[in-house]
Amino acid sequence: MKTFVWDSNFETGLAPVDEQHRLLVELVNRIGAFFVGGGKGDAAQLRGLFEEVTHYAAFHFTDEERLMREAGLAAEPLARHTASHAQFVERIEMMWQTVAAVPDGGEVLFGFLVDWLGFHILGEDQAMAKQVAAIRAGASPAAAFERVEGEVLGERGTAALLEAIRGLYRTLSRQNQALTEANQRLEDRVAERTAAISAGAEREAMRARALQMIISGASVCEIMERIALDTEQAHPDMLCSVLLLDEEGRHVRHCAGPSLPEFFNTAIDGQEIGPFAGSCGTAAYTHKRVIVADIQTDPLWKDYREIAGRAGLAACWSEPILDGTGQVLGTFALYGRETGSPTVAQIAAIESTVQLASLAIERARMEDGLRRARERLALALRGTNDGIW
(Lines give C-alpha, C1' and ligand atoms only; values in the text may rest on other atoms or scores of the structure.)
Protein backbone atom coordinates (compact mmCIF):
# COMPACT_ATOMS: atom_id res chain seq x y z
CA MET A 1 0.00 0.00 0.00
CA LYS A 2 1.46 3.33 -1.10
CA THR A 3 1.94 5.95 1.61
CA PHE A 4 2.99 9.58 1.33
CA VAL A 5 6.62 9.98 2.48
CA TRP A 6 7.37 13.59 3.39
CA ASP A 7 10.83 15.05 2.70
CA SER A 8 12.45 18.43 2.13
CA ASN A 9 11.37 18.51 -1.52
CA PHE A 10 7.83 19.21 -0.36
CA GLU A 11 8.70 22.24 1.77
CA THR A 12 7.59 25.57 0.28
CA GLY A 13 9.23 27.89 2.81
CA LEU A 14 5.81 29.22 3.83
CA ALA A 15 5.40 27.98 7.41
CA PRO A 16 1.56 27.94 7.55
CA VAL A 17 1.34 26.16 4.20
CA ASP A 18 3.98 23.56 5.10
CA GLU A 19 2.28 22.88 8.45
CA GLN A 20 -1.06 22.31 6.75
CA HIS A 21 0.57 20.11 4.10
CA ARG A 22 2.13 17.91 6.79
CA LEU A 23 -1.23 17.50 8.48
CA LEU A 24 -2.86 16.61 5.16
CA VAL A 25 -0.14 14.03 4.55
CA GLU A 26 -0.74 12.59 8.03
CA LEU A 27 -4.48 12.30 7.36
CA VAL A 28 -3.88 10.63 3.99
CA ASN A 29 -1.46 8.16 5.56
CA ARG A 30 -4.12 7.23 8.12
CA ILE A 31 -6.23 6.01 5.20
CA GLY A 32 -3.24 3.96 4.03
CA ALA A 33 -2.95 2.45 7.51
CA PHE A 34 -6.67 1.59 7.35
CA PHE A 35 -6.11 -0.57 4.25
CA VAL A 36 -2.90 -2.09 5.55
CA GLY A 37 -4.73 -3.03 8.74
CA GLY A 38 -7.33 -5.02 6.79
CA GLY A 39 -10.23 -2.66 7.38
CA LYS A 40 -11.62 -2.83 3.83
CA GLY A 41 -15.03 -4.00 4.98
CA ASP A 42 -15.70 -1.10 7.36
CA ALA A 43 -17.37 1.32 4.93
CA ALA A 44 -18.44 3.75 7.65
CA GLN A 45 -14.89 4.13 8.99
CA LEU A 46 -13.51 4.58 5.48
CA ARG A 47 -16.12 7.20 4.73
CA GLY A 48 -15.19 9.03 7.95
CA LEU A 49 -11.49 9.07 7.05
CA PHE A 50 -12.12 10.43 3.56
CA GLU A 51 -14.48 13.09 4.90
CA GLU A 52 -11.82 14.18 7.38
CA VAL A 53 -9.31 14.57 4.54
CA THR A 54 -11.70 16.43 2.22
CA HIS A 55 -12.89 18.78 5.00
CA TYR A 56 -9.34 19.65 6.01
CA ALA A 57 -8.33 20.03 2.35
CA ALA A 58 -11.18 22.52 1.88
CA PHE A 59 -9.94 24.49 4.91
CA HIS A 60 -6.37 24.40 3.59
CA PHE A 61 -7.42 25.53 0.11
CA THR A 62 -9.37 28.47 1.53
CA ASP A 63 -6.43 29.54 3.72
CA GLU A 64 -3.94 29.11 0.90
CA GLU A 65 -6.06 31.17 -1.51
CA ARG A 66 -6.32 33.92 1.16
CA LEU A 67 -2.54 33.93 1.51
CA MET A 68 -2.09 34.26 -2.28
CA ARG A 69 -4.51 37.17 -2.47
CA GLU A 70 -2.85 38.95 0.45
CA ALA A 71 0.59 38.42 -1.11
CA GLY A 72 -0.69 40.02 -4.31
CA LEU A 73 -0.22 37.18 -6.81
CA ALA A 74 -1.07 37.99 -10.42
CA ALA A 75 -4.61 37.18 -11.56
CA GLU A 76 -3.64 34.32 -13.90
CA PRO A 77 -1.70 32.12 -11.45
CA LEU A 78 -4.27 32.86 -8.73
CA ALA A 79 -7.11 31.74 -11.02
CA ARG A 80 -5.19 28.60 -12.05
CA HIS A 81 -4.48 27.64 -8.48
CA THR A 82 -8.05 28.23 -7.33
CA ALA A 83 -9.41 26.18 -10.26
CA SER A 84 -7.05 23.32 -9.38
CA HIS A 85 -8.41 23.26 -5.83
CA ALA A 86 -12.01 23.19 -7.10
CA GLN A 87 -11.22 20.40 -9.57
CA PHE A 88 -9.69 18.32 -6.79
CA VAL A 89 -12.81 18.61 -4.63
CA GLU A 90 -15.05 17.79 -7.60
CA ARG A 91 -12.92 14.81 -8.59
CA ILE A 92 -12.83 13.39 -5.07
CA GLU A 93 -16.61 13.67 -4.73
CA MET A 94 -17.13 11.96 -8.09
CA MET A 95 -14.68 9.17 -7.27
CA TRP A 96 -16.33 8.56 -3.90
CA GLN A 97 -19.70 8.13 -5.62
CA THR A 98 -18.21 5.33 -7.76
CA VAL A 99 -16.19 3.57 -5.05
CA ALA A 100 -18.66 0.68 -4.85
CA ALA A 101 -18.66 0.16 -8.64
CA VAL A 102 -14.88 -0.02 -9.01
CA PRO A 103 -12.84 -3.06 -7.88
CA ASP A 104 -10.79 -1.95 -4.85
CA GLY A 105 -12.43 1.47 -5.29
CA GLY A 106 -11.30 2.77 -1.90
CA GLU A 107 -7.68 1.92 -2.60
CA VAL A 108 -7.90 3.55 -6.04
CA LEU A 109 -9.22 6.71 -4.40
CA PHE A 110 -6.43 6.59 -1.80
CA GLY A 111 -3.84 6.27 -4.57
CA PHE A 112 -5.33 9.32 -6.26
CA LEU A 113 -5.06 11.31 -3.03
CA VAL A 114 -1.39 10.44 -2.59
CA ASP A 115 -0.46 11.18 -6.20
CA TRP A 116 -2.48 14.38 -6.50
CA LEU A 117 -1.17 15.77 -3.24
CA GLY A 118 2.42 15.07 -4.30
CA PHE A 119 1.84 16.62 -7.73
CA HIS A 120 0.09 19.68 -6.27
CA ILE A 121 2.72 20.41 -3.61
CA LEU A 122 5.74 19.80 -5.85
CA GLY A 123 4.30 21.68 -8.79
CA GLU A 124 1.63 24.27 -8.11
CA ASP A 125 2.41 25.05 -4.46
CA GLN A 126 6.16 25.31 -5.04
CA ALA A 127 5.51 27.73 -7.91
CA MET A 128 3.08 29.73 -5.73
CA ALA A 129 5.61 29.94 -2.85
CA LYS A 130 8.36 31.17 -5.19
CA GLN A 131 6.05 33.89 -6.53
CA VAL A 132 5.18 34.99 -2.99
CA ALA A 133 8.89 35.13 -2.10
CA ALA A 134 9.69 37.13 -5.25
CA ILE A 135 6.89 39.62 -4.59
CA ARG A 136 8.02 40.02 -1.00
CA ALA A 137 11.53 40.68 -2.35
CA GLY A 138 10.22 43.56 -4.46
CA ALA A 139 9.25 41.99 -7.79
CA SER A 140 5.95 42.87 -9.41
CA PRO A 141 3.28 40.11 -9.50
CA ALA A 142 3.61 39.81 -13.28
CA ALA A 143 7.42 39.63 -13.13
CA ALA A 144 7.31 37.09 -10.32
CA PHE A 145 4.95 34.92 -12.37
CA GLU A 146 7.12 35.11 -15.50
CA ARG A 147 10.28 34.33 -13.55
CA VAL A 148 8.81 31.27 -11.87
CA GLU A 149 7.25 30.01 -15.10
CA GLY A 150 10.72 29.84 -16.62
CA GLU A 151 12.42 28.05 -13.74
CA VAL A 152 13.12 24.33 -13.63
CA LEU A 153 13.00 22.24 -10.49
CA GLY A 154 16.18 20.78 -9.09
CA GLU A 155 17.10 17.21 -10.00
CA ARG A 156 15.54 15.61 -6.92
CA GLY A 157 12.42 17.74 -7.12
CA THR A 158 11.99 17.01 -10.82
CA ALA A 159 12.24 13.26 -10.28
CA ALA A 160 9.71 13.39 -7.45
CA LEU A 161 7.34 15.52 -9.50
CA LEU A 162 7.56 13.23 -12.52
CA GLU A 163 6.88 10.20 -10.33
CA ALA A 164 3.85 11.96 -8.85
CA ILE A 165 2.56 12.78 -12.35
CA ARG A 166 3.06 9.18 -13.49
CA GLY A 167 1.29 7.90 -10.40
CA LEU A 168 -1.58 10.32 -10.92
CA TYR A 169 -1.96 9.19 -14.52
CA ARG A 170 -1.90 5.51 -13.52
CA THR A 171 -4.54 6.07 -10.85
CA LEU A 172 -6.89 7.96 -13.15
CA SER A 173 -6.36 5.45 -15.95
CA ARG A 174 -7.12 2.57 -13.60
CA GLN A 175 -10.28 4.25 -12.36
CA ASN A 176 -11.43 5.12 -15.87
CA GLN A 177 -10.88 1.54 -16.99
CA ALA A 178 -12.71 0.17 -13.96
CA LEU A 179 -15.61 2.57 -14.51
CA THR A 180 -15.79 1.56 -18.17
CA GLU A 181 -15.89 -2.10 -17.18
CA ALA A 182 -18.52 -1.42 -14.50
CA ASN A 183 -20.60 0.51 -17.02
CA GLN A 184 -20.31 -2.36 -19.50
CA ARG A 185 -21.43 -4.84 -16.84
CA LEU A 186 -24.43 -2.62 -16.11
CA GLU A 187 -25.28 -2.40 -19.80
CA ASP A 188 -24.95 -6.18 -20.09
CA ARG A 189 -27.32 -6.69 -17.17
CA VAL A 190 -29.83 -4.28 -18.69
CA ALA A 191 -29.56 -6.08 -22.03
CA GLU A 192 -30.00 -9.47 -20.35
CA ARG A 193 -33.01 -8.23 -18.42
CA THR A 194 -34.53 -6.70 -21.54
CA ALA A 195 -33.96 -9.94 -23.44
CA ALA A 196 -35.50 -11.93 -20.57
CA ILE A 197 -38.58 -9.71 -20.55
CA SER A 198 -38.87 -9.99 -24.33
CA ALA A 199 -38.40 -13.76 -24.17
CA GLY A 200 -41.05 -13.99 -21.46
CA ALA A 201 -43.50 -12.07 -23.60
CA GLU A 202 -42.73 -14.31 -26.59
CA ARG A 203 -43.27 -17.44 -24.49
CA GLU A 204 -46.62 -16.17 -23.25
CA ALA A 205 -47.69 -15.38 -26.81
CA MET A 206 -46.55 -18.84 -27.93
CA ARG A 207 -48.46 -20.43 -25.07
CA ALA A 208 -51.62 -18.50 -25.92
CA ARG A 209 -51.45 -19.59 -29.58
CA ALA A 210 -50.91 -23.22 -28.63
CA LEU A 211 -53.84 -23.23 -26.19
CA GLN A 212 -56.09 -21.61 -28.77
CA MET A 213 -55.16 -24.32 -31.26
CA ILE A 214 -55.95 -27.02 -28.68
CA ILE A 215 -59.37 -25.52 -28.01
CA SER A 216 -60.11 -25.24 -31.72
CA GLY A 217 -59.39 -28.96 -32.20
CA ALA A 218 -56.05 -28.78 -34.03
CA SER A 219 -54.02 -31.99 -34.15
CA VAL A 220 -50.97 -32.52 -31.96
CA CYS A 221 -48.57 -32.17 -34.89
CA GLU A 222 -50.26 -29.00 -36.12
CA ILE A 223 -49.73 -27.52 -32.66
CA MET A 224 -46.11 -28.75 -32.56
CA GLU A 225 -45.51 -27.22 -35.99
CA ARG A 226 -46.71 -23.86 -34.68
CA ILE A 227 -44.50 -24.16 -31.57
CA ALA A 228 -41.50 -25.04 -33.75
CA LEU A 229 -42.06 -22.07 -36.06
CA ASP A 230 -42.44 -19.71 -33.08
CA THR A 231 -39.23 -21.04 -31.55
CA GLU A 232 -37.32 -20.63 -34.81
CA GLN A 233 -38.57 -17.08 -35.11
CA ALA A 234 -37.22 -16.33 -31.61
CA HIS A 235 -33.93 -18.11 -32.42
CA PRO A 236 -33.26 -17.53 -36.14
CA ASP A 237 -30.00 -19.46 -36.12
CA MET A 238 -31.66 -22.67 -34.92
CA LEU A 239 -33.85 -25.34 -36.57
CA CYS A 240 -36.51 -27.17 -34.53
CA SER A 241 -37.73 -30.72 -34.49
CA VAL A 242 -40.48 -32.45 -32.51
CA LEU A 243 -40.66 -36.25 -32.45
CA LEU A 244 -43.35 -38.27 -30.68
CA LEU A 245 -42.88 -41.69 -29.15
CA ASP A 246 -45.06 -44.42 -30.66
CA GLU A 247 -47.59 -46.41 -28.61
CA GLU A 248 -45.06 -49.15 -27.97
CA GLY A 249 -42.59 -46.61 -26.58
CA ARG A 250 -39.79 -47.93 -28.80
CA HIS A 251 -39.70 -45.70 -31.86
CA VAL A 252 -39.80 -41.97 -32.55
CA ARG A 253 -42.19 -40.61 -35.16
CA HIS A 254 -41.78 -37.37 -37.01
CA CYS A 255 -44.26 -34.73 -35.87
CA ALA A 256 -42.80 -31.31 -36.73
CA GLY A 257 -39.64 -29.99 -38.36
CA PRO A 258 -40.71 -27.08 -40.56
CA SER A 259 -37.23 -25.93 -41.55
CA LEU A 260 -35.41 -29.27 -41.69
CA PRO A 261 -34.94 -30.96 -45.10
CA GLU A 262 -37.69 -33.43 -45.92
CA PHE A 263 -35.20 -36.23 -46.55
CA PHE A 264 -33.81 -35.76 -43.03
CA ASN A 265 -37.26 -35.84 -41.38
CA THR A 266 -38.12 -38.96 -43.39
CA ALA A 267 -34.88 -40.71 -42.41
CA ILE A 268 -35.40 -40.05 -38.70
CA ASP A 269 -39.06 -41.08 -38.70
CA GLY A 270 -39.53 -44.50 -37.14
CA GLN A 271 -36.01 -44.87 -35.76
CA GLU A 272 -35.66 -46.98 -32.62
CA ILE A 273 -34.63 -45.24 -29.43
CA GLY A 274 -31.51 -46.36 -27.57
CA PRO A 275 -28.29 -45.30 -25.83
CA PHE A 276 -26.61 -44.38 -29.17
CA ALA A 277 -29.58 -43.20 -31.20
CA GLY A 278 -28.62 -39.63 -31.98
CA SER A 279 -29.64 -36.82 -29.68
CA CYS A 280 -33.41 -37.39 -29.76
CA GLY A 281 -33.44 -41.19 -29.65
CA THR A 282 -30.98 -41.12 -26.76
CA ALA A 283 -32.95 -38.42 -24.90
CA ALA A 284 -36.13 -40.48 -25.23
CA TYR A 285 -34.28 -43.60 -24.05
CA THR A 286 -32.54 -42.01 -21.05
CA HIS A 287 -35.31 -39.52 -20.12
CA LYS A 288 -32.55 -36.89 -19.95
CA ARG A 289 -31.38 -33.86 -21.91
CA VAL A 290 -28.73 -34.70 -24.52
CA ILE A 291 -26.31 -32.02 -25.72
CA VAL A 292 -24.25 -32.87 -28.80
CA ALA A 293 -21.95 -29.99 -29.66
CA ASP A 294 -20.40 -31.65 -32.72
CA ILE A 295 -22.47 -34.23 -34.59
CA GLN A 296 -19.56 -35.37 -36.74
CA THR A 297 -17.42 -36.42 -33.77
CA ASP A 298 -19.97 -37.51 -31.16
CA PRO A 299 -20.47 -41.30 -30.83
CA LEU A 300 -24.23 -40.87 -30.33
CA TRP A 301 -24.49 -39.85 -33.98
CA LYS A 302 -22.28 -42.55 -35.51
CA ASP A 303 -25.22 -44.01 -37.48
CA TYR A 304 -26.60 -40.63 -38.58
CA ARG A 305 -23.52 -38.50 -39.31
CA GLU A 306 -23.75 -38.80 -43.07
CA ILE A 307 -27.36 -37.69 -43.34
CA ALA A 308 -26.84 -34.90 -40.79
CA GLY A 309 -23.89 -33.67 -42.86
CA ARG A 310 -26.04 -33.68 -46.01
CA ALA A 311 -28.65 -31.62 -44.14
CA GLY A 312 -25.99 -29.12 -43.02
CA LEU A 313 -26.53 -29.86 -39.33
CA ALA A 314 -23.54 -29.50 -37.00
CA ALA A 315 -25.01 -29.61 -33.46
CA CYS A 316 -28.15 -30.96 -31.82
CA TRP A 317 -29.54 -30.36 -28.35
CA SER A 318 -32.52 -32.53 -27.44
CA GLU A 319 -34.87 -32.52 -24.44
CA PRO A 320 -37.36 -35.31 -23.64
CA ILE A 321 -41.00 -34.23 -23.43
CA LEU A 322 -42.42 -35.85 -20.29
CA ASP A 323 -46.00 -36.12 -19.10
CA GLY A 324 -47.16 -35.46 -15.54
CA THR A 325 -46.08 -38.93 -14.42
CA GLY A 326 -42.60 -38.71 -15.93
CA GLN A 327 -43.33 -40.89 -18.96
CA VAL A 328 -41.77 -39.86 -22.26
CA LEU A 329 -44.17 -38.40 -24.82
CA GLY A 330 -41.54 -37.38 -27.35
CA THR A 331 -38.56 -35.06 -27.82
CA PHE A 332 -37.98 -31.42 -28.69
CA ALA A 333 -34.69 -30.57 -30.37
CA LEU A 334 -32.77 -27.54 -31.56
CA TYR A 335 -30.32 -28.04 -34.43
CA GLY A 336 -27.51 -25.64 -35.25
CA ARG A 337 -25.54 -25.24 -38.47
CA GLU A 338 -22.45 -24.43 -36.39
CA THR A 339 -20.88 -26.64 -33.72
CA GLY A 340 -21.33 -25.57 -30.13
CA SER A 341 -23.27 -25.95 -26.89
CA PRO A 342 -26.40 -24.00 -25.95
CA THR A 343 -26.28 -20.73 -24.07
CA VAL A 344 -28.15 -20.20 -20.81
CA ALA A 345 -30.87 -18.37 -22.76
CA GLN A 346 -31.19 -21.26 -25.23
CA ILE A 347 -31.43 -23.81 -22.41
CA ALA A 348 -34.21 -21.71 -20.86
CA ALA A 349 -35.98 -21.58 -24.22
CA ILE A 350 -35.73 -25.37 -24.60
CA GLU A 351 -37.07 -25.99 -21.09
CA SER A 352 -40.00 -23.60 -21.41
CA THR A 353 -40.89 -24.91 -24.88
CA VAL A 354 -40.80 -28.52 -23.69
CA GLN A 355 -43.17 -27.65 -20.83
CA LEU A 356 -45.54 -26.05 -23.32
CA ALA A 357 -45.21 -29.01 -25.70
CA SER A 358 -45.99 -31.44 -22.87
CA LEU A 359 -49.06 -29.47 -21.90
CA ALA A 360 -50.19 -29.20 -25.52
CA ILE A 361 -49.70 -32.92 -26.20
CA GLU A 362 -51.53 -34.00 -23.03
CA ARG A 363 -54.37 -31.51 -23.55
CA ALA A 364 -54.71 -32.40 -27.23
CA ARG A 365 -54.75 -36.10 -26.45
CA MET A 366 -57.29 -35.53 -23.70
CA GLU A 367 -59.49 -33.53 -26.09
CA ASP A 368 -59.07 -36.26 -28.70
CA GLY A 369 -60.05 -38.88 -26.11
CA LEU A 370 -63.12 -36.91 -25.14
CA ARG A 371 -64.16 -36.54 -28.78
CA ARG A 372 -63.78 -40.27 -29.34
CA ALA A 373 -65.76 -41.00 -26.19
CA ARG A 374 -68.54 -38.71 -27.35
CA GLU A 375 -68.55 -40.36 -30.75
CA ARG A 376 -68.76 -43.83 -29.19
CA LEU A 377 -71.57 -42.67 -26.93
CA ALA A 378 -73.44 -41.17 -29.86
CA LEU A 379 -73.09 -44.42 -31.81
CA ALA A 380 -74.27 -46.42 -28.83
CA LEU A 381 -77.29 -44.21 -28.34
CA ARG A 382 -78.15 -44.34 -32.03
CA GLY A 383 -77.91 -48.12 -31.99
CA THR A 384 -80.19 -48.29 -28.99
CA ASN A 385 -82.77 -46.07 -30.63
CA ASP A 386 -82.64 -48.16 -33.80
CA GLY A 387 -83.40 -51.25 -31.73
CA ILE A 388 -86.41 -49.62 -30.08
CA TRP A 389 -88.01 -48.55 -33.31
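Described below are features of the structure shown in this document.

Calculation criteria
Per chain, residue numbering runs from 1 following the sequence as it is written. Predicted model: local features are reported for residues with pLDDT of at least 70 only, side-chain atom pairs are reported and counted for 80 or more only, and whole-chain, interface and lining totals are derived from all residues. Calculated side-chain values reflect all of the structure's heavy atoms, with hydrogen atoms and water omitted. Here a strand pair is declared whenever DSSP counts at least two bridges between the two strands. Labels follow the DSSP assignment, with helices taken as runs of H or I lasting at least four residues and strands as runs of E lasting at least two, numbered in each case from the N terminus. Sulfur atoms of two cysteines make up a disulfide when they are within 2.5 Å. For each residue, the accessible area found with a 1.4 Å probe, counting protein chains only, is set against the maximum for its type, and the residue is called buried under 20%, exposed over 50%, and partly exposed in between. Contacts are assigned to residue pairs that have any heavy atoms within 4.5 Å of one another. Residues belong to one nonpolar core when they are buried, are Ala, Val, Leu, Ile, Met, Phe, Trp, Tyr or Cys, and are joined through side-chain atoms within 4.5 Å.

## Side note on the pairing of strand β2 (residues 252–256)
In this structure, strand β1 (residues 238–245) lies alongside β2, joined through four bridges in antiparallel fashion. Residue pairing across strands places leucine 244 opposite arginine 253, the latter belonging to β2.

## Structural notes on the state of the cysteines
Under the defined criterion, the tally for this structure stands at one disulfide. Two residues share a disulfide in this structure: cysteine 221 and cysteine 255, whose sulfurs sit 2.4 Å from each other. The S-S bond linking cysteine 221 to cysteine 255 shows a torsion near -130°; that makes this disulfide left-handed. Placement of cysteine 221 in helix α7 (residues 220–234) and of cysteine 255 in strand β2 is noted, with a sequence separation of 34 residues between them. The thiol of cysteine 316 is unpaired, and the distance to the nearest cysteine sulfur, on cysteine 280, comes to 4.7 Å.

## A closer look at helix α9 (residues 278–286)
Most of α9 sits out of view: seven of its nine residues are buried. Where the residues of α9 are buried, they touch β1, β3 (290–292), β4 (315–322) and β5 (328–336). Just past α9, the residue histidine 287 takes up positive phi, approximately 65°.

## Some thoughts on the nonpolar core
The biggest cluster of nonpolar side chains holds 29 residues, and the ones touching the most others in it are Ile223, Met224, Val242, Ile321 and Phe332. Ranked by residues supplied to this core, first place goes to helix α11 (residues 344–388) with seven residues. Setting aside anything within four residues of it in sequence, one finds isoleucine 223 in contact with Ala210, Met213, Ile214, Ala218, Ala360 and Ala364. Core analysis: the second largest hydrophobic core is formed by 28 residues, Leu46, Leu49, Phe112 and Trp116 among them.

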